[in-house]
Amino acid sequence: MSKPQDMIRLENVTFAYPGGEPVLKDVSFCIPEGESRVIMGQSGSGKSTILKLLLGLYKPDSGDVCIDDEHVSDFTEKQLSDVRKKMGMVFQDGALFDSLTVGENVGFYLIEHSDMTIEQVEEKVREMLGFVRLEESIMDRMPEELSGGMQRRVAIARALLATAPKIMLYDEPTTGLDPESSTQVLHLMDQLTRERNIATIVVTHQFLDALAIADKFILIDKGSVAFDGSLPDLQSSSDKRVLTFLEPFRASLKLMERRQFV
Ligand SMILES: Nc1ncnc2c1ncn2[C@@H]1O[C@H](COP(=O)(O)OP(=O)(O)OP(=O)(O)O)[C@@H](O)[C@H]1O
Ligand SMILES: [Mg+2]
């Protein structure tokens with residue numbers, strides 16, 4: 001069987017925000033289509049910055065960002081906007097438009113950028129709400145009337161309708177959700193990765209959620225990749241940065257192993 005193509009590749013990326021010290025230092029990793037990576041690391045280690053570079057919101061100072069085998073680091077805004085059509089992004093807070101209904105939020109891109117009629121857009125929105133297991137009847141509700149988990153699923157539905165993505169980026173998708181809502185969102189993310197062959201990055205502090213969806217883990221420590229590999233390799237790593245990161249989770253991991261959850 002041929003090796004799946006890398007959808008995302010960072011090669012020796014170094015980046016500083018204007019006027020600041022480097023927040024990413026020589027970061028390299030790749031993600032083939034249909035695979036997921038969970039990016040973990042302390043607050044401020046540079047995780048969200050990696051997502052911003054992938055979206056082309058910032059350019060690396062050195063190194064290269066490749067999306068679907070294209071070197072996007074030198075792309076113009078017009079070229080970037082084409083690349084972004086391959087990427088769906090779900091932000092930490094769902095980032096829905098407060099003043100628009102759920103239906104308008106999900107259909108936003110099609111309303112703005114396609115010549116579909118309102119009826120056609122509504123049909124697509126209904127279909128997508130069904131896919132993320134939300135009732136059609138919430139179409140006319142406002143985002144603030146929904147629970148956090150529902151808002152997150154609306155955000156995923158919107159990302160899917162906007163981009164038909166080959167890549168999905170999630171920043172803290174389960175933070176603040178109750179366990180049941182978290183499970184639903186995780187299941188949906190996993191389904192998208194497998195069934196649509198999407199390359200997925202999930203940035204999360206929720207290590208136990210990460211175990212449910214990650215093919216592999218990337219640990220960022222102060223802007224550098226401290227680990228990139230499988231769970232068994234993570235658990236047996238003797239790298240000091242990995243040991244420090246895993247320390248708070250050791251007890252849960254042991255319990256899960258004993259009960260054969262992982
Ligand atoms: N727009 C910005 N301008 C200047 N510095 C920034 C900007 N955004 C982030 N930083 C700095 O870059 C570093 C990395 O931030 P980043 O948001 O990538 O961290 P993170 O790993 O996502 O943290 P968290 O887990 O808290 O979300 C931090 O030191 C932060 O203060
Ligand atoms: Mg962040």
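Residues numbered from 1 in each chain as written. Chains lettered and ligands numbered in written order. Predicted model: local features only at pLDDT ≥ 70, side-chain atom pairs only at ≥ 80, totals over all residues. Heavy atoms only, no water.

Participant: In this structure, what is going on with the nonpolar core? I would like to understand it.
Facilitator: Side chains of a nonpolar character, in soluble globular proteins, are inclined to be buried together. Among the nonpolar cores identified, the biggest contains 50 residues, and Val 106, Ile 156, Phe 207, Phe 217 and Leu 234 are the most heavily contacted of them. Top contributing element to this core by residue count: helix α5 (residues 148-163), with 7 residues. Among residues more than four places away in sequence, those in contact with Leu 234 are Met 40, Phe 207, Phe 217, Phe 227, Val 242 and Leu 246. Leu 10, Ile 67, Val 83 and Met 87 belong to the second-largest nonpolar core, a separate cluster that totals 30 residues. (Core = buried A, V, L, I, M, F, W, Y, C linked by side-chain atoms within 4.5 Å. Buried < 20%, exposed > 50% of the residue type's maximum accessible area, 1.4 Å probe, protein only. Helix = DSSP H or I, 4+ residues; strand = E, 2+ residues; numbered from the N terminus. Contact = heavy atoms within 4.5 Å.)

Participant: Can you help me understand the sheet that holds strand β5 (residues 70-71) in this one?
Facilitator: Strand order in the open sheet made by the 4 strands is β2-β1-β4-β5, with antiparallel pairing throughout. Each edge of the open sheet carries a strand with a single partner, namely β2 (22-32) and β5. (Pairing = 2+ DSSP bridges.)

Participant: In this structure, what is going on with the pattern of salt bridges? I would like to understand it.
Facilitator: Once their charged atoms are close, side chains differing in charge can pair, the charge on each being opposite to the other. Taken as a whole and judged by the stated rule, the model has 17 salt bridges. Residue Asp 82 pairs with Lys 85 through a salt bridge whose shortest N-O separation is 3.2 Å. Close ionic contact of Arg 194 with Asp 190 constitutes a salt bridge, the shortest N to O distance being 3.2 Å. You can see Arg 194 and its partner Asp 190 sitting in helix α6 (residues 179-195), 4 residues apart, about one turn around the helix. (Salt bridge = Lys/Arg side-chain N within 4 Å of Asp/Glu carboxyl O.)

Participant: Please explain the site of ligand 1 as it appears in this structure.
Facilitator: In the region of ligand 1, 13 residues are neighbours, and Ser 43, Gly 44, Lys 47, Thr 49 and His 205 sit closest. Tyr 17 is positioned with one of its side-chain polar atoms (N or O) 3.5 Å from a nitrogen atom of ligand 1. One of the side-chain nitrogen or oxygen atoms of Thr 49 is found 2.5 Å away from an oxygen atom of ligand 1. If ligand 1 stood free it would expose 640 Å²; the protein chains cover 59% of that surface. (Near = heavy atom within 4 Å. Polar contact = N/O pair within 3.5 Å; in protein donor to acceptor, adjacent residues only side chain to side chain. Areas by Shrake-Rupley, 256 points an atom, 1.4 Å probe, with all protein chains shown as cover.)

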